[in-house]
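The residues making up each chain are set out below.
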Amino acid sequence: MGSSEPTPAQRLTLARLADILVPEGLGMPAATTVGVAGDLLDRSLAAAPSFFEPLLALLDDVPDDGLDAFVRRLEVERPDDFAVLSTTVVAAYYLSEDVRELIGYPGQQPNPLSVAAEPDYLDLLERVYERHPGYRECL
């Protein structure tokens, strides 16, 4: 890996592609509106480091114009590259606090297990404690 983060030119290219993949609509902001080419991209790539090199190679291969056609061709002719691009963009998009708030997703929340609230769980454990120890060491 030559660099630890995308260059400004690669970020700009990603932003242009991202708005094709995730345009504004139905009350949701476009990808660039929430900043998918900035720190959200960095967080997305940190979560999936195997995407870093393929994504940057793809971004270096994007033409200056005809981006809609490029994305459609990419999906058909290079599905693995399309998967890297679309997964990275969508992951960065849903990392946005604004997007999560708009869809009503608060993020991961703790959900502690209460044994008292799960009587069936206690019944299962009781049967385990009561059964004859049938363990034999394998030779």
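Residues numbered from 1 in each chain as written. Predicted model: local features only at pLDDT ≥ 70, side-chain atom pairs only at ≥ 80, totals over all residues. Heavy atoms only, no water.

(A) Just the nonpolar core, in detail. Grouped together as the largest cluster of nonpolar side chains are 30 residues, with contacts concentrated most on Leu-14, Leu-17, Val-36, Leu-55, Phe-70, Leu-85 and Tyr-93. Looking at this core, the elements that each hand over two or more residues are α1 (8-21), α2 (39-47), α3 (52-60), α4 (67-77) and α5 (79-95). The element that contributes the greatest number of residues to this core is α5, accounting for six residues. Not counting the four nearest positions on each side in its chain, Leu-17 is found in contact with Leu-59, Val-62, Leu-67, Phe-70, Val-71 and Leu-85. (Core = buried A, V, L, I, M, F, W, Y, C linked by side-chain atoms within 4.5 Å. Buried < 20%, exposed > 50% of the residue type's maximum accessible area, 1.4 Å probe, protein only. Helix = DSSP H or I, 4+ residues; strand = E, 2+ residues; numbered from the N terminus. Contact = heavy atoms within 4.5 Å.)

(B) Looking closely at unusual backbone geometry. Even without being glycine, Leu-26 reaches a positive phi, approximately 55°. Residue placement: Leu-26 occurs in the loop between α1 and α2.

(C) Here's a closer look at the packing of aromatic side chains. Under the defined criterion, the tally for this structure stands at one aromatic pair. With centroids separated by 5.4 Å and ring planes inclined at 85°, the aromatic side chains of Tyr-93 and Tyr-94 adopt a geometry described as edge-to-face. Tyr-94 gets classed as partly exposed once you look at its relative accessible area, which sits at 41%. (Phe/Tyr/Trp six-rings, centres within 6.5 Å; stacked < 30°, edge-to-face > 60°.)

(D) Structural context of the pattern of salt bridges. Counting across every chain of the model gives three salt bridges. Put simply, Arg-11 and Asp-42 hold a salt bridge, and the shortest N to O gap is 2.7 Å. Linking Arg-11 in helix α1 with Asp-42 in helix α2, this pair joins segments that are 31 residues apart in sequence. Arg-11 gets classed as buried once you look at its relative accessible area, which sits at 15%. Residue Asp-81 is joined to Arg-78 by a salt bridge in which the shortest nitrogen-to-oxygen separation is 2.8 Å. Among the residues examined, Arg-78 registers a relative accessible area of 29% and is labelled partly exposed. Salt bridges sharing common partners tie together Asp-61, Arg-78 and Asp-81. (Salt bridge = Lys/Arg side-chain N within 4 Å of Asp/Glu carboxyl O.)

(E) Representation of a nonpolar patch on the surface. Among the surface-exposed residues, Val-90, Tyr-94, Leu-102, Ile-103 and Tyr-105 lie close enough to one another that they form a single nonpolar patch of about 460 Å² accessible area. Put simply, the parts of the chain that give the nonpolar patch at least two residues each are α5 and α6 (97-103). (Patch = residues over 30% accessible without salt bridge, like charges linked within 9 Å, V, L, I, M, F, W, Y side chains within 5 Å. Areas by Shrake-Rupley, 256 points an atom, 1.4 Å probe, with all protein chains shown as cover.)

(F) Representation of α4 within the structure. All of the buried residues along α4 are Leu-67, Phe-70, Val-71 and Leu-74. What you see down the axis of α4 is that its buried residues fit within an arc of 100°, all on one side. Pointing more than 90 degrees away from the buried face of α4 are the exposed residues Arg-72, Val-76 and Glu-77. (Arc of directions from axis to C-beta.)

(G) Broad picture of the packing of α1 against α3. The geometry of α1 relative to α3 is characterised by a closest axis approach of 9 Å and an angle of 85° between their N-to-C directions. Considering the angle they form, α1 stands roughly perpendicular to α3. Taking contact as the criterion, the partners of Gln-10, Thr-13, Leu-14 and Leu-17 in α1 are, on α3, Leu-55, Leu-56, Leu-59 and Asp-60. Across the contact of α1 with α3, the residue classes break down as five nonpolar, two polar and one charged. (Axes fitted to C-alpha atoms, helices over the stretch in contact; angles between N-to-C directions. Parallel < 35°, antiparallel > 145°, perpendicular 65-115°, else oblique. Nonpolar A, V, L, I, M, F, W, Y, C, P; charged D, E, K, R; others polar.)

(H) Representation of a negative patch on the surface within the structure. There is a patch of like negative charges on the surface, built from Asp-120, Asp-123, Glu-126 and Glu-130. Position of Glu-126 among the secondary structure elements: in helix α7 (residues 119-130). (Lys, Arg positive; Asp, Glu negative; His and termini not counted. Charge placed at Lys NZ, Arg CZ, Asp CG, Glu CD.)

(I) The arrangement of the packing of α1 against α4 in detail. Where α1 meets α4, the axes come as close as 10 Å, and the angle between the chain directions of the two elements is 75°. When the axes of α1 and α4 are compared, the pair comes out roughly perpendicular. Side by side, α1 and α4 meet where Arg-16, Leu-17, Ile-20 and Leu-21 of the first sit next to Leu-67, Asp-68, Phe-70 and Val-71 of the second. Its residues placed into classes, the contact of α1 with α4 shows six nonpolar, no polar and two charged.

The analysis is restricted to geometry; functional conclusions fall outside its scope.
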